[in-house]
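Below, each chain spelled out in residue letters.
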Amino acid sequence: MSATRSPKVSERVAPKAADPQPQQKKKRDDDDGPDFSTLFRAWVESHRASLLDSLRRLGKHPIGSFFTCMVMAVALSLPMGLSLLLNNVERLGGSWQRAAQISLYLQLDAGPEQGESLREQIKGMPGVADAEYVGRDQALEEFQQQSGLGEALKELPENPLPGVVLVTPNEVDKPALEALRQKLSELPKVQQAQLDLVWVERLAAILKLGDRFVFGLTVLLVSALLLVIGNTIRLHIENRRTEIEVIKLVGGTDSYVRRPFLYMGALYGFGAGILSWGVLAFGLNWLNDAVVGLAGLYGSDFALAGVPVADGLSLLLGAVLLGYIGAWIAVARHLRELAPK
């Protein structure tokens, strides 16, 4: 009797001992979920679909999209163009160092050899970019040509002008320039060291005024650009209100709803940056013909520099970021109003 019951007991016990292993394996498989590569491919596919959808919707209205980009391009071109013109004007007027030149008037008994020796000594001093010696005869000749008193000066018994050493500093800083002038005035054979600080202050004031004007104009136009891109994205949101409400009704997240509009804003910014770069290049080239003609009348070969590649790329990147930010602000403002009803 016991022999007949023991196989049944073993049959009942064996399956129980074998059951936990497949159950644990199945539980581990359920907890793992999709791997990283699957999630990454899904993320890339979602962004690709949003980008293509944004391109398709912009392509449906090419004229409207073009004029929106053109308005943004004008807003970007004005401050950038003024900044480039200021750089060209500064290059035409010479550097700050040239405007802050220190003139060392030597004693009348200082000969050309002493002047050249002093020039070499000054050129090696810290804070000095360059030094140039102008002899007495050269100074008299230049004064005769510039003053128009050549015949009267020929009647003088001797040359009354001293030799001059023109010192160009490394940097323009009023206290540093004054200290350098004081140091140079103590050198041998130097009778007087003169620094025209008025020109330095005037130049600094003009450039500071130009920089502030460009900064203020940039702030105003960037604000206008954000309003333009925000209003454009708002119109796209209103056109897709029903679609967005359905997406949120079936469980779509805010980031999923926001993504196509962010790509649309970045695409608007990219198009505006390309158009702005082209407008600036064309405008400077068109203006350059008149500038070259005017400079030729004064015997100069000055010409306007074009848009540097680094500045153009910065303009393009800034336009894309502004479009992205404007779209983000517009979507964030209206997203809470798009709850399913």
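- An unreviewed UniProt entry lists the protein chain under the name Cell division protein FtsX, from Pseudomonas cucumis.
- On record in UniProt, under Subcellular location (unreviewed entry), the comment for the protein chain is "Cell inner membrane".
- Listed in UniProt under the heading Function (unreviewed entry), the comment for the protein chain reads: "Part of the ABC transporter FtsEX involved in cellular division."

1. A word on the overall build of the protein chain
Working step 1: Scanning the protein chain for helices and strands turns up 13 helices and 4 strands.
Working step 2: For the protein chain, the share of sequence-separated contacts (at least 6 apart) that also reach a separation of at least 24 residues comes to 81%.
Working step 3: Carbon and sulfur atoms make up 62% of the accessible area of the protein chain, which totals about 21800 Å².

2. Digging into a negative patch on the surface
Working step 1: A contiguous patch of negative charge, built from Glu132, Asp137, Glu141 and Glu142, is present on the exposed surface.
Working step 2: With 3 residues, the top contributor of residues to the negative patch is helix 7 (residues 136–147).
Working step 3: Glu141 gets classed as partly exposed once you look at its relative accessible area, which sits at 45%.

3. A closer look at unusual backbone geometry
Note: most residues except glycine have negative phi, and most peptide bonds are trans.
Working step 1: The backbone of Lys189 sits at a positive phi, close to 70°, despite the residue not being glycine.
Working step 2: Counting through the fold element by element, Lys189 comes out in the loop between helix 9 (174–185) and strand 4 (190–195).
Working step 3: Residue classification places Lys189 among the partly exposed residues on the basis of a relative accessible area of 28%.

4. So, the confidence of the model for the protein chain
Working step 1: On average, residues of the protein chain score 78 in pLDDT, and 79% of them reach the 70 mark or higher.
Working step 2: The secondary structure element of the protein chain with the lowest average pLDDT is helix 1 (residues 2–18), at 45, and the one with the highest is helix 13 (residues 309–335), at 88.
Working step 3: Counted against residues more than four places away or in other chains, residues 1–30, with its pLDDT under 50, gives 1 contact.

5. Examining the sheet that holds strand 3 (residues 164–169)
Working step 1: The 4 strands are arranged 2-3-1-4 in an open sheet whose pairing can be described as antiparallel. Strands with a single pairing partner mark the edges of an open sheet, and in this sheet they are strand 2 (128–134) and strand 4. With direction set aside, neighbouring strand axes in the sheet form an average angle of 20°.
Working step 2: As judged from the 6 bridges shared by strand 2 and strand 3, these two strands associate in the antiparallel manner. Counted as the bridge partner of Val134 is Val164 from strand 3.
Working step 3: Those strands touched by helix 6 (residues 112–123) are strand 1 (102–106), strand 2, strand 3 and strand 4, and its axis lies near 175° from that of strand 2.
Working step 4: The strands that helix 9 touches are strand 1, strand 2, strand 3 and strand 4; relative to strand 4, the one it contacts most, it runs at about 170°.

6. Structural notes on helix 6
Working step 1: Its 12 residues give helix 6 an end-to-end C-alpha distance of 16 Å, which sits within 8% of 16 Å, the value for a rise of 1.5 Å per residue.
Working step 2: By the burial criterion, the buried members of helix 6 are Gly115, Leu118, Arg119 and Ile122. For helix 6, the buried positions fall inside an angular range of 105° around the axis, keeping them on one side.
Working step 3: Packed against the buried residues of helix 6 are strand 1, strand 2, strand 3, helix 9 and strand 4.

7. Observations regarding the side chain of Arg119
Working step 1: By the element assignment, Arg119 lies in helix 6.
Working step 2: One polar contact links Arg119 to Glu116, side chain to side chain, over a distance of 3.1 Å.
Working step 3: Those residues in contact with Arg119 that sit more than four places away from it in its chain are Ala131, Glu132 and Tyr133.

Calculation criteria
Residues numbered from 1 in each chain as written. Predicted model: local features only at pLDDT ≥ 70, side-chain atom pairs only at ≥ 80, totals over all residues. Heavy atoms only, no water. UniProt positions renumbered as here; feature names shortened; annotations may be inferred. Helix = DSSP H or I, 4+ residues; strand = E, 2+ residues; numbered from the N terminus. Contact = heavy atoms within 4.5 Å. Areas by Shrake-Rupley, 256 points an atom, 1.4 Å probe, with all protein chains shown as cover. Patch = residues over 30% accessible without salt bridge, like charges linked within 9 Å, V, L, I, M, F, W, Y side chains within 5 Å. Salt bridge = Lys/Arg side-chain N within 4 Å of Asp/Glu carboxyl O. Lys, Arg positive; Asp, Glu negative; His and termini not counted. Charge placed at Lys NZ, Arg CZ, Asp CG, Glu CD. Buried < 20%, exposed > 50% of the residue type's maximum accessible area, 1.4 Å probe, protein only. pLDDT = per-residue confidence, 0-100. Pairing = 2+ DSSP bridges. Axes fitted to C-alpha atoms, helices over the stretch in contact; angles between N-to-C directions. Expected span 1.5 Å × (residues − 1). Arc of directions from axis to C-beta. Polar contact = N/O pair within 3.5 Å; in protein donor to acceptor, adjacent residues only side chain to side chain.

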